[in-house]
Amino acid sequence: MPRKPAYDRDALIAKARDIFWRQGWAGTSLKDLERELKLKPGSFYAAFGSKDALYALTLESYANEGVARIKALAEKLGPKEALKAQPRLVIEAVENPTKACMLAKTFAELQAKDHDLADQAARHMTEMKACFAELFRSAQETGEIRADHDPDRLAARYQSDILGLRLSAERKDVDALEIAADIASDIDRL
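Notes on the structure follow. (Residues numbered from 1 in each chain as written. Predicted model: local features only at pLDDT ≥ 70, side-chain atom pairs only at ≥ 80, totals over all residues. Heavy atoms only, no water.)

### Section: the layout of surface pockets
Item 1. If you add up the space inside the largest pocket, you get close to 480 Å³.
Item 2. Lining of the largest pocket is provided by 25 residues; of these, Y62, G66, R69, V90 and R166 occupy positions nearest its centre.
Item 3. Here the lining of the largest pocket takes five residues from helix α4 (residues 51–77), the largest share from any one element.
Item 4. Among the residues forming the lining of the largest pocket, the class breakdown is 14 nonpolar, five polar and six charged.
Item 5. Its boundaries defined by the atoms lining it, the second largest pocket holds a volume of some 190 Å³.
Item 6. F136, R153, L154, R157, Y158, D161, I183, D186, I187 and L190 together form the lining of the second largest pocket.
Item 7. Mapped by element, the contributors of at least two residues to the lining of the second largest pocket are α8 (151–168) and α9 (176–188).
Item 8. If one sorts the elements of the lining of the second largest pocket by residue count, α8 sits on top with five residues. (1 Å grid on protein atoms, 1.4 Å probe; cavity = no way out; pocket = protein on both sides within 12 Å on 5 of 7 lines; lining within 4 Å. Points joined across faces, edges and corners; volume = space filled by probe spheres on them. Helix = DSSP H or I, 4+ residues; strand = E, 2+ residues; numbered from the N terminus. Nonpolar A, V, L, I, M, F, W, Y, C, P; charged D, E, K, R; others polar.)

### Observations concerning the pattern of salt bridges
Item 1. Enumeration according to the criterion identifies 14 salt bridges in this entry.
Item 2. With a closest N to O distance of 3.0 Å, E65 and R17 form a salt bridge. Of the two residues, E65 is situated in helix α4 and R17 in helix α1 (residues 9–23); the sequence distance between them amounts to 48 residues.
Item 3. R137 is the salt-bridge partner of D152, the closest N and O atoms lying 2.8 Å from each other. With D152 in helix α8 and R137 in helix α7 (residues 116–141), this residue pair connects regions lying 15 residues apart in the sequence.
Item 4. Among the charged side chains, a network of salt bridges with common partners joins K80, E81, K84 and D188. (Salt bridge = Lys/Arg side-chain N within 4 Å of Asp/Glu carboxyl O.)

### Side note on the packing of aromatic side chains
Item 1. All told, the structure shown has six aromatic pairs when counted by the stated rule.
Item 2. Between F132 and Y158, the aromatic rings sit 4.8 Å apart at their centres with planes inclined by 80°, giving edge-to-face as the arrangement. Of this pair, F132 sits in helix α7 while Y158 sits in helix α8, and the two are 26 residues apart along the sequence.
Item 3. In this structure F132 comes out as buried when scored by relative accessible area, which is 4%.
Item 4. Arranged with centres 5.7 Å apart and planes meeting at 85°, the rings of F136 and Y158 form a pair that is edge-to-face. Highlighted residues: F136 in helix α7 and Y158 in helix α8, separated in sequence by 22 residues.
Item 5. Site record: aromatic cluster; members linked through ring pairs are F44, Y45 and F48.
Item 6. Its end group placed over the ring of W25, K51 keeps NZ or CZ at 4.5 Å from the ring centre. (Phe/Tyr/Trp six-rings, centres within 6.5 Å; stacked < 30°, edge-to-face > 60°. Buried < 20%, exposed > 50% of the residue type's maximum accessible area, 1.4 Å probe, protein only. Lys NZ or Arg CZ within 6 Å of the ring centre and 35° of its normal.)

Have a look at this one:
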């Protein structure tokens, strides 16, 4: 009978996600991962197969957590208020290794290399946009947002605003909280 691993796989994926999120795909070596995850090379390969396979797991984890977080926020606040709160919450999240979106960073880094991980990041961004569109539709159904707006177009614009905000939050010459408030105000005008 195979021996049970002496590590928590989900915890290792979360830790690797933060390393990749901060350093990027090219900036993270196998040695970095082995050291930070406290795994010997054989254990690393047994657990994850390859750096790319682990990176794919971290992208999935990142995306799933993001969708779950906004859906939980919508359950708590309602769809419109969740959409208004999200910009401020993503830039105030001090537990994140960086403000910029991991999916966008991955896509920007790897799409020119025609890497499969760029395609995966793009698929996850599409899923997130669909989640935003669902919230805009829900807000329309409750009368919080006028029905004459296209929820898919609103979601695409909103995602673009959020991605730009998250990147801008990395800069010292930009007041990201002010921009987050502007995004929320724009939603109030819909």
